[in-house]
Amino acid sequence: MYFLGIDLGGTTIKGGIVDKTGNILTQGQVPTRAEAGAEAVLAQIENLTKELKARVGISDGQLRGAGIGIPGSVDVEKGLVRLAPNLHWRNFPLRGKLEKLLGIPVVLDNDAHVAALGEMWQGAGRDYQDILMITIGTGIGSAVILNGQVHRGIFGYGAEMGHVKVEPHGPLCECGGRGCLETLASATAIVRQARQELERGRPSLLRGKETLEARDVLVAAGQGDELAREVLNRAAGYLGIALANAVLLIGPTVVILGGGVAQAGEVILGPLKERFEEALGPWQIKPLPLLLAQLGNKAGFVGAAYLALSFLRGEGK
Ligand SMILES: [Zn+2]
């Protein structure tokens, strides 16, 4: 019994065929072609699926279902993509269209949700059922898993930690709010703050770089650059306090940190943990593990395959 997992991103579609114990039989990726319209994206998913199936020689009957992670808000029950700005989709009936195209049951969910399911199934969350996962990349994604189930909440988006307010008069966010965590601690925010500091004329290893990326700031901080360290400490401080607030609210048994920024290691994790523990204070009755995600960019499609598996199991098929 095999399952197809698809991680539909704004620029790349990653996919894999996974068996029921979580072994990845094959994986691949194709460009999304979002600018060419929804039909082109569907054709790309179909092409990738055919290629993956052919590679491992799986017949139609052996592939039982597909799960798809979407960069946006999803109505899981109706199989609708409510809003996916990167794909320019609004109320798009993806499930119906894909079921017709692929000939198997399809389940959709938000990309942060499927990544967390992937980590719970095969990654850092393997031993846990109550998980808070935060992914710090260009934006900030998050998911809460309680009793092994993604918490979707009244609006369907579950946890949106990227838009938790951590600075009352902070920068304006794309969502319209002010001081959202994403505007102060994402890779994008780190770059913006480093630029602002450079404009003040401060000395730094980052000076003179034509294109500045969050990676550059993380590397410079690792080399002891004061400006870079200051920017990262500030971002880590906001992350630490937001995580502590979330932990006080949810009470997870583990926190998983994903995304490129977290993978940079101690330079960001050190100050993050410090601020986190300080904010939790005496409420941290026993040590709460803060673990790095383990699956990297496989988490999405592995979790999507798990979504399909658990859906079909729930349906008794
Ligand atoms: Zn926001």
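Residues numbered from 1 in each chain as written. Predicted model: local features only at pLDDT ≥ 70, side-chain atom pairs only at ≥ 80, totals over all residues. Heavy atoms only, no water.

An unreviewed UniProt entry annotates the protein chain as Glucokinase of Thermanaeromonas toyohensis ToBE. As recorded by UniProt, the Sequence similarities (unreviewed entry) comment attached to the protein chain reads in full: "Belongs to the ROK (NagC/XylR) family." (UniProt positions renumbered as here; feature names shortened; annotations may be inferred.)

Moving on: the confidence of the model for the protein chain. Low pLDDT marks stretches whose predicted atomic positions should not be read closely. Chain-level pLDDT for the protein chain is 94 on average; 99% of the residues reach the 70-or-more range. Confidence, expressed as mean pLDDT per element, reaches its minimum in the protein chain at helix 8 (residues 260-263) with 88 and its maximum at strand 3 (residues 24-31) with 98. (pLDDT = per-residue confidence, 0-100. Helix = DSSP H or I, 4+ residues; strand = E, 2+ residues; numbered from the N terminus.)

Now for the pattern of salt bridges. Under the criterion given, the structure shown has 12 salt bridges. Aspartate 75 serves as the salt-bridge partner of arginine 82, at 2.9 Å between the closest nitrogen and oxygen. Under the relative-accessibility criterion, arginine 82 is labelled partly exposed at 32%. For aspartate 75, a relative accessible area of 16% puts it in the buried group. Notably, a salt bridge pairs glutamate 213 with arginine 215, separated by 3.4 Å at the nearest N-O pair. Salt bridges here are not isolated pairs; linked through shared partners, they connect Glu197, Arg200, Arg202, Glu230 and Arg234. (Salt bridge = Lys/Arg side-chain N within 4 Å of Asp/Glu carboxyl O. Buried < 20%, exposed > 50% of the residue type's maximum accessible area, 1.4 Å probe, protein only.)

This part is about the nonpolar core. Ile134, Leu181, Leu206 and Leu243 are the most contacted members of the largest nonpolar core, which totals 47 residues. Take this core: its biggest share by element is 13 residues, from helix 7 (residues 226-250). Apart from residues no more than four positions distant in its own chain, leucine 181 is found in contact with Ile134, Ile140, Met161, Gly162, Val164, Val166, Ser186, Tyr238, Leu239 and Ala242. Of all hydrophobic cores here, the second largest spans 31 residues; its members include Ile17, Val74, Leu94 and Val106. (Core = buried A, V, L, I, M, F, W, Y, C linked by side-chain atoms within 4.5 Å. Contact = heavy atoms within 4.5 Å.)

We now examine the pairing of strand 4 (residues 63-70). Within strand 4, 7 of the 8 residues are buried, which leaves it mostly tucked inside the rest of the structure. One ladder, built from 6 bridges, connects strand 1 (residues 2-8) with strand 4; its direction is parallel. Looking at the pairing, phenylalanine 3 lines up with glycine 65 of strand 4. Direction of pairing for strand 4 relative to strand 8 (residues 106-110): parallel, over a ladder of 5 bridges. Counterpart to glycine 67 in the pairing with strand 8 is valine 107. (Pairing = 2+ DSSP bridges.)

Turning to the side chain of aspartate 225, a few remarks are in order. Mapping aspartate 225 onto the fold places it in the loop between helix 6 (214-222) and helix 7. No salt bridge is formed by the buried aspartate 225. Its closest oppositely charged neighbour is arginine 202, at 7.1 Å. Of note is the side chain of aspartate 225, whose polar atom sits 2.8 Å from the backbone nitrogen of leucine 205. In contact with aspartate 225, not counting residues within four places along its chain, are Ser204, Leu205 and Ala220. (Lys, Arg positive; Asp, Glu negative; His and termini not counted. Polar contact = N/O pair within 3.5 Å; in protein donor to acceptor, adjacent residues only side chain to side chain.)

According to the domain assignment, the protein chain contains domain 1 (2-118 + 297-314) and domain 2 (127-293). Placing the centre of domain 1 and that of domain 2 at their C-alpha centroids yields a distance of 28 Å. Listed as interface residues are 9 residues of domain 1 and, on the opposing side, 12 residues of domain 2. For the pair domain 1 and domain 2, the two sides together bury roughly 800 Å², of which 67% comes from carbon and sulfur. Inspection of the domain 1/domain 2 interface yields 1 salt bridge. Counting residues per element, the side of domain 1 that touches domain 2 draws most heavily on helix 3 (residues 111-122), at 5 residues. (Domains from an automatic or database assignment. Buried area = accessible area lost by both parts, 1.4 Å probe.)

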